[in-house]
Amino acid sequence: MVGAGGIGCELLKNLVLTGFGEIHIVDLDTIDLSNLNRQFLFGMQHIKKSKAMVAKETAGKFNPHVKLEAHHANIKDLNFNVKWFKTFDVVFNALDNLDARRHVNRMCLAADVPLIESGTTGFNGQVQVIKQRTTECYECTHKPVPKSFPVCTIRSTPSQPIHCIVWAKSYLFVEIFGTSEESSPDMDTSEDDENASEIANLKREAEELKNIREKMASPDFAATIFNKVFCADITRLRSMEDMWKSRKPPKALDHATIVKDAEGVGACVVKTDQKVWGLEENYVVFADSLRRLATRMVELKARATNGEAPPILTFDKDDEDALDFVAASANLRSLVFGIDVKSKFDIKQMAGNIIPAIATTNAITAGLCVLQAFKVLREDYKSARMVFLSRSADRAFSAEKLSPPNPGCEICGVARTSIEADITRATLGDLVEKVLRGALGYGEEVCVLVGQALLFDADFDDNLETPLCDLGFGEETFVTVKDEGEEEEEGTRINLVIAVTNTIFTEDEAAMTIPEPFQVPRKLKASEVVEVNGLANGVKRGHDEVMGGMNGHVSKRRKVDIVVGSGEGAAMKKEKVFKGKGPTEEDVILLDDDGCITID
Amino acid sequence: MASSIPSGAPGSREKKYDRQLRLWGANGQNKLETAHIALFNASATGCEILKNLILPCIGQFTVIDDKLVEEADLGVNFFLDEDSLGKPRAERAAALLGELNPDVMGNYIIDNFSNLLSTKPELFEPLTTPFTHFVLVSPFPTPLLLLLPPEIPTFLVYSLGFTTSLRVSAPIHTIVETHPDSLTDLRLLNPWSELSSMATERTTNLEIQQKVDGDGGMSDHEHGHVPYLILLLKYLEDWKQSHGGNYPATYKEKGEFKVLIQDNMRTNVPGGSEENYEEAIAAVLKNVREAEVSSETKEVLNDTKCANLTLETDNFWIIARAVKDFLENPEQGNGLLPLSGGIPDMKAESNGYVDLQNVYKYKARYDASLVEKNVRTILSSLNRDPSSIPLDEIELFCRHSNFLRRILYRPLPAEFSTLPDEHHKKAVCAALSSWDADTSLIHDYIALRAYQSFVTETDGRAPGDTDETLEVDTAEMTRLAELYLKEVGWSTGLGERGKNMIREVVRTGGGELHNIASLAGGIVAQEVIKIITQQYVPVNNTIVFDGISSRTGTYEL
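Parameters and conventions
Residues numbered from 1 in each chain as written. Chains lettered and ligands numbered in written order. Predicted model: local features only at pLDDT ≥ 70, side-chain atom pairs only at ≥ 80, totals over all residues. Heavy atoms only, no water. Helix = DSSP H or I, 4+ residues; strand = E, 2+ residues; numbered from the N terminus. Buried < 20%, exposed > 50% of the residue type's maximum accessible area, 1.4 Å probe, protein only. Contact = heavy atoms within 4.5 Å. Areas by Shrake-Rupley, 256 points an atom, 1.4 Å probe, with all protein chains shown as cover. Lys, Arg positive; Asp, Glu negative; His and termini not counted. Charge placed at Lys NZ, Arg CZ, Asp CG, Glu CD. Pairing = 2+ DSSP bridges. Right-handed = clockwise from strand over helix to strand, strands pointing away. UniProt positions renumbered as here; feature names shortened; annotations may be inferred. Phe/Tyr/Trp six-rings, centres within 6.5 Å; stacked < 30°, edge-to-face > 60°. Polar contact = N/O pair within 3.5 Å; in protein donor to acceptor, adjacent residues only side chain to side chain. Patch = residues over 30% accessible without salt bridge, like charges linked within 9 Å, V, L, I, M, F, W, Y side chains within 5 Å. Salt bridge = Lys/Arg side-chain N within 4 Å of Asp/Glu carboxyl O. Axes fitted to C-alpha atoms, helices over the stretch in contact; angles between N-to-C directions. Left-handed = near helix turned anticlockwise from the far one by under 90°. Nonpolar A, V, L, I, M, F, W, Y, C, P; charged D, E, K, R; others polar. pLDDT = per-residue confidence, 0-100. Core = buried A, V, L, I, M, F, W, Y, C linked by side-chain atoms within 4.5 Å. Disulfide = S-S within 2.5 Å. Arc of directions from axis to C-beta.

1. Things to note about the overall build of chain A
Here is step 1: Counting its regular elements, chain A contains 15 helices and 16 strands.
Here is step 2: Taken over 600 residues, chain A has a buried fraction of 56%.
Here is step 3: Contacts in chain A between residues at least 24 apart in sequence constitute 69% of all its contacts with a sequence separation of at least 6.
Here is step 4: Summing over all exposed atoms, chain A offers an accessible surface of approximately 25800 Å²; the carbon and sulfur share of this is 51%.

Spelled out as structure tokens, the structure:
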């Protein structure tokens, strides 16, 4: 069971009382007050403790015959490898983010273990049974991705509350308290001819703001920041006449006037989080929360020892000081641009990507997961169902038959095999020559990738002599092999994924095992439609991977050489990786599907 | 400078319930926290229902049960532990469920429904009962069901093995916040003067290509950013001019209208098309239509409660009457409801969008102010404080005025008395003769009806509760089901599926399965919450869940 949150608590209770023999619980999260309205295995006394551990402890009492094991860890950790996944009869996903869902989906496909995937949002929910080669996998259909906004919309021409919230959270907060060079997944900073000069201006402004950071301890810090971002920057922006020809120009705020008008307002206004604050109230919260954050920062700095990276604060929706600051700053900016202001309650939802959640939906969803598990364990995939919960009064949920795999899916529409290799000795050449061309009969036109990184193709053979460990291989690495040969009579091969597990061999042994030769299936020829489908999936996925940062994972955008290939791989973004350099040292330019600006 | 406080944390209560406040807001939460639920029968299903109500914080609950905790309970009921064995089930369930949320007050009564009806009738009198809602988990003999006060919302639950159902009965139920997917009402064919003049003003030089700055023409950039609502209004006006003053009405005309828009799109631009024009074309079928009053809102406005207002009438009906007056007044709505005021996102320049948004918003505010005036007049005429209904409440009502709901739940006796009424008979026969009758869950319902008759005869003994009686009980259940079908006028008798369902129900011997109890607990509590919060649309009136096929069906029975 991956995830011990809303669905997880219900699921664990059901599994324990249904009498499952052994259950492993994986969750890296700790318990928060806002979980308690539904995650009933936890109480006030458990706040800040591990969800996995407490869930095991509470649920274990109800059936001593069940063997429970808790892992307070990230499911993406290396010890949860394909071999580990293979030890289970069924895996339940009770997760809250796309990135981990995709990961478990891939691991279960690789291990050929059935997966029961589930999720809820408010009154809506979904349960899906996934089994390799039998049903659709999680990535056979496109999943919507978090939205990003063009940088100029955020920094110069906001028109909606969300633009001001992103500005406050991903620009202002980060420039004052975070590491400013870190760009945010909310903002698309790609340059084009039209916005080049404005982007240069924005960079200068950010630089100026960074200088003000140094005065954090000074008593007029709030005034300085305020004058900079709500007056000086706005006045500069206002002076760009061209920009306001067809837009309403922003109005700079005057600090002295506001301070005077806000005299009677107490800082306790911040408690009224469902009320929409006026200009003066927003100012008071802005100044007060900035003071609170600055105090924290100054204390952190005082405690930091020399040589350590300077302390930073990161935005967290549950950090009240940070939330107050973002809410008030966003609203002040809205007032500057004549945009509707929002309550702190609403801003929290938008800034924190909060998903509404209640006990009832989780109870229904978890119950359905177990019912599907009964079918899965009997291998009765014909009667297993995909179930959708909605809040409609006509029915509580609807069920439909499972769809077959999407042949164009880049994740499950692939052949799989696994080898062991000593990655310090085995080279990419070994892999290409011995495994691909030798055992599996590939020709010259073959392309080898790890993730998005291109390691080898017909025009790029620089890495053949390089040991795998220098090409970013780790304990377990998934290599994608694409057949880019001329269309032969039998068609090109579907993509092959090789799981390479690092193993130590003695000096006299070969550095790499060779898989049993088998025929990698060929693509259907008359399947143009399917191809288009697969292509689209590829594009979206590449895009998602970058956007995955929204969930708090690595999101640093790096610059790479973009290789636009031909044929099937054309839409994939490929990174070339050169020997000796891990992919992390490279920089990325984002190729966004669409560069146009729309109002969300 | 303002005084400061250590942290801006809202109350821990807000934080704890944050994720659900986002579904039903402070309004819904307040209603939830004043509810007092009585649960009759602390079965696994009963406890799971209560769990899902205690977690989001109902005000109080009372568990009513006269049994002692047995081994069998422990296997299915998560909320009874080993230490509870031999102790009163009501007491133990109340204690262990209570631990889930210290904000909720838990009580218990060690007794049963039938006794309490005679010993403590005040618990069932609308004016004296401390309870706001009843949750009953079968078995209960039918005569008792018929004694339940219709004024108190009641949830009757069956949970037998894989077969479960819920019957909701409540006095007239009204909902303002139905949470439709969208409140948007564009009024493209009924534009008011400010909207029309904005459309005219913003499109005067739409057809002129700008050659040089300031020549009065529209640049490609400007042309590609005229909001699609403005485009639609402009081309609708053009259409009217050339079609004898009529708007496109039929599917065919709308198709031609799309072509008209298409023909006016600039194609010599990067990409070869304009997104705002594409949006306009895509919006034609859905949005080019007369603003109409929905049938649900008509039901509300035409209800006699709207006409006969008294000193005690709910705010809902007073505002509804004010809206009705608005609708009928030629000086006010003139046949249209108050405008909801929101517009969807679209390709546009910021200020063009904001101006358009404001035109809709101001109109909505103006409409609401007229409704408010009507409300104040009505209140005065009833000798009530004219300011007793806050503007917020009136505005909320106006925004939702085309999505109001009023549900008239059928009383339990109409369904359960020996001679069910015509509606019930028709509903059952219709389900039995529908195209999907073979797979319909009405058969589950019929089996549960036979079960209801069986427990009435045996004073609570479940069919199939011992191996010895299995056969006799099956025969009796079959007889009862056939009898019921005769009562509703279904002459064909129990089919194959009906017989299977009878066997399935007898097989359970009245037992519950934990996983199904848990699932049913979710389904039932969800409907209870909808009724308590008066938000979202609850089921009317029966929902059947079949755990074997993972399906649900709803019926008004």
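2. Focus on the overall build of chain B
Here is step 1: Helices and strands together make up the secondary structure of chain B, namely 23 helices and 10 strands.
Here is step 2: Looking at chain B as a whole, 56% of its 557 residues are labelled buried.
Here is step 3: Counting contacts in chain B only where the partners sit at least 6 residues apart, residues at least 24 apart contribute 68% of the total.
Here is step 4: Working note: accessible area of chain B is about 23100 Å², and carbon and sulfur atoms make up 52% of it.
Here is step 5: The distance from the centre of the 51 positive side-chain charges to the centre of the 79 negative ones in chain B is 3 Å.

3. Description of the pairing of strand β2 (residues 60-64) of chain B
Residue and element names in this part refer to chain B.
Here is step 1: In terms of residue burial, β2 counts as a mostly covered element, since 4 of its 5 residues are buried.
Here is step 2: Sheet analysis places strand β1 (residues 36-40) next to β2, joined by 5 bridges and oriented parallel. Within β2, the residue paired with I37 across the bridge is F61.
Here is step 3: Following the chain from β1 across helix α3 (residues 44-54) to the adjacent parallel β2, one finds a crossover that is right-handed.
Here is step 4: Bridging between β2 and strand β3 (residues 105-109) involves 5 bridges; their strand directions are parallel. Residue I64 lies in a different strand from β3, and its bridge partner there is I109.

4. Here's the deal with the UniProt feature "domain: THIF-type NAD/FAD binding fold" (unreviewed entry) in chain B
Here is step 1: Cross-referencing UniProt, the feature "domain: THIF-type NAD/FAD binding fold" (unreviewed entry) maps to residues 17-108 of chain B in the present numbering.
Here is step 2: Secondary structure over residues 17-108 of chain B splits into 47% helix and 15% strand, and the C-alpha atoms at its two ends are 26 Å apart.

5. Topic: the packing of aromatic side chains
Here is step 1: Under the defined criterion, the tally for this structure stands at 34 aromatic pairs over all chains.
Here is step 2: Measuring from ring centre to ring centre gives 5.6 Å for F397(A) and F545(B), while their planes differ by 75°; the resulting arrangement is edge-to-face. Taken as a pair, F397(A) in strand β9 (residues 397-401) and F545(B) in strand β9 (residues 542-546) lie in two separate chains rather than in one. Considered together, F397(A) and F545(B) belong to a single accessibility category, that of buried residues.

6. Here's the deal with the UniProt feature "active site" (unreviewed entry) in chain A
Here is step 1: Here, UniProt's "active site" (unreviewed entry) annotation points to C152(A).
Here is step 2: Considering the arrangement of structural elements, one finds C152(A) in helix α5 (residues 151-155).

7. Regarding the environment of N107(B)
Residues and elements named next belong to chain B.
Here is step 1: As for its placement among the helices and strands, N107 is situated in strand β3.
Here is step 2: Sequence-wise, N107 and S388 are 281 residues apart; in three dimensions their C-alpha atoms are separated by 35 Å.
Here is step 3: Not counting residues up to four positions away in its chain, the partners in contact with N107 are H36, Q60, F61, T62, V63 and A94.
Here is step 4: A polar contact is formed between the side chain of N107 and the side chain of T62, at a distance of 3.2 Å.

8. What about a negative patch on the surface?
Here is step 1: Together, E444(A), E445(A), D459(A), D461(A), D462(A) and E486(A) make up a negatively charged patch on the protein surface.
Here is step 2: Relative accessible area serves as the criterion here: at 42%, D462(A) is assigned to the partly exposed category.

9. Brief notes about the packing of helix α10 (residues 228-242) of chain B against helix α11 (residues 251-264) of chain B
The description of two helices packed together rests on the angle between their axes and the distance between the axes.
Residues and elements named next belong to chain B.
Here is step 1: Two elements in contact, α10 and α11, have axes separated by 11 Å at closest approach and are oriented at 115°. Note on packing geometry: the crossing formed by α10 with α11 is right-handed. Across the interface between the two elements, L232, Y235, L236 and W239 from α10 touch E253, E256, F257, L260, I261 and N264 from α11.
Here is step 2: By residue class, the composition of the contact of α10 with α11 is 7 nonpolar, 1 polar and 2 charged.

10. Here's the deal with the sheet that holds strand β10 (residues 551-555) of chain B
Residue and element names in this part refer to chain B.
Here is step 1: Strand order in this open sheet of 8 strands is β3-β2-β1-β4-β5-β6-β9-β10, and the pairing throughout is mixed. Each end of this open sheet is capped by a strand with a single partner; those strands are β3 and β10. Within this sheet the neighbouring strands show an average axis-to-axis angle of 15°, counted without direction.
Here is step 2: Bridge count for β1 against strand β4 (residues 133-137) is 4 bridges, and the pairing is parallel.

11. Some remarks on the pattern of salt bridges
Here is step 1: Scanning the entire structure with this criterion turns up 67 salt bridges over all chains.
Here is step 2: Each of D288(A), R291(A), R292(A), R296(A), D319(A), E320(A), D321(A), D324(A) and K344(A) takes part in a single network of salt bridges with overlapping partners.

12. Brief notes about the confidence of the model for chain A
All names here are of chain A.
Here is step 1: Confidence in the prediction of chain A, expressed as mean pLDDT, is 80, and 83% of residues score 70 or more.
Here is step 2: Across chain A, strand β3 (residues 91-93) holds the top mean pLDDT of 98, while strand β15 (residues 562-563) sits lowest at 26.
Here is step 3: Predicted confidence is poor over residues 526-600, with pLDDT under 50, and the contacts of this stretch with residues over four places away or in other chains come to 151 contacts.

13. Some points on the environment of E349(B)
Here is step 1: Take E349(B): it is sitting in the loop between α15 (315-328) and α16 (350-381).
Here is step 2: Through-space distance from the C-alpha of E349(B) to that of S381(B) is 48 Å; in sequence the pair is 32 residues apart.

14. Looking at the interface of chain A and chain B
Here is step 1: With 78 residues of chain A at the contact, the number on the chain B side is 75 residues.
Here is step 2: Applying the counting criterion to the chain A and chain B interface returns 4 salt bridges.
Here is step 3: A salt bridge links E10(A) to K51(B); the nearest nitrogen and oxygen atoms lie 2.5 Å apart.
Here is step 4: Between chain A and chain B we count 17 residue pairs in polar contact (both at pLDDT 80 or more) in total.
Here is step 5: Elements supplying a minimum of two residues to the side of chain A that touches chain B: α1 (6-18), α10 (279-303), α11 (320-337), α12 (344-351), α13 (359-377) and β9 of chain A.
Here is step 6: Top contributing element to the side of chain A that touches chain B by residue count: α13(A), with 12 residues.
Here is step 7: The residue inventory of the side of chain A that touches chain B, partitioned by class, reads 35 nonpolar, 19 polar and 24 charged.

15. As for the nonpolar core
Here is step 1: Counting residues in each nonpolar core, the largest one holds 106 residues, and the members touching the most others are L12(A), F397(A) and I58(B).
Here is step 2: In this view, I58(B) contacts L32(B), E33(B), A35(B), I37(B), L53(B), V104(B) and I532(B); residues no more than four positions away in its chain are not counted.
Here is step 3: Core analysis: the next-biggest nonpolar cluster, separate from the first, contains 61 residues, I162(A), W167(A), I225(A) and I339(A) among them.

16. Comments concerning the state of the cysteines
Here is step 1: By the definition in use, this model includes 0 disulfides over all chains.
Here is step 2: This cysteine, C409(A), is not joined by any disulfide, and C140(A) carries the nearest cysteine sulfur, 3.7 Å off.
Here is step 3: Just so you know, C398(B) is unpaired, no disulfide at all, and the nearest cysteine sulfur is the one on C306(B), 13 Å from it.

17. Brief notes about the side chain of K51(A)
Here is step 1: Residue position: K51(A) is located in helix α2 (residues 51-60).
Here is step 2: Aside from chain neighbours lying at most four places away, what touches K51(A) is A4(A), G5(A), D27(A), D29(A), T30(A), I31(A), N35(A), Q39(A) and F42(A).

18. Some thoughts on the side chain of D483(A)
Residue and element names in this part refer to chain A.
Here is step 1: Looking at the secondary structure, you find D483 in strand β13 (residues 476-483).
Here is step 2: A polar contact of 2.9 Å, which involves the side chain of D483, links it to the backbone nitrogen of R493.
Here is step 3: Leave out the neighbours within four places in its chain, and D483 touches Y442, E445, T492, R493 and R522.

19. Brief notes about α12(A)
Here is step 1: Looking at α12(A), one finds that the buried residues are K344(A), F345(A), I347(A), K348(A) and A351(A). Buried positions in α12(A), seen along its axis, are confined to an arc of 165° and lie on one side of it.
Here is step 2: Those residues of α12(A) that are buried are in contact with α6 (161-177) and α11 of chain A together with α2 (18-33) of chain B.
Here is step 3: Phi turns positive one or two residues past the end of α12(A), at N353(A), with a value near 50°.

20. Looking at the confidence of the model for chain B
Residues and elements named next belong to chain B.
Here is step 1: Across chain B, pLDDT averages 93, with 98% of residues at or above 70.
Here is step 2: Throughout residues 1-9 the model reports pLDDT below 50, and contacts reaching past four residues in sequence, or to other chains, amount to 27 contacts.
Here is step 3: Reported for the predicted complex are a pTM of 0.81 and an ipTM of 0.90.

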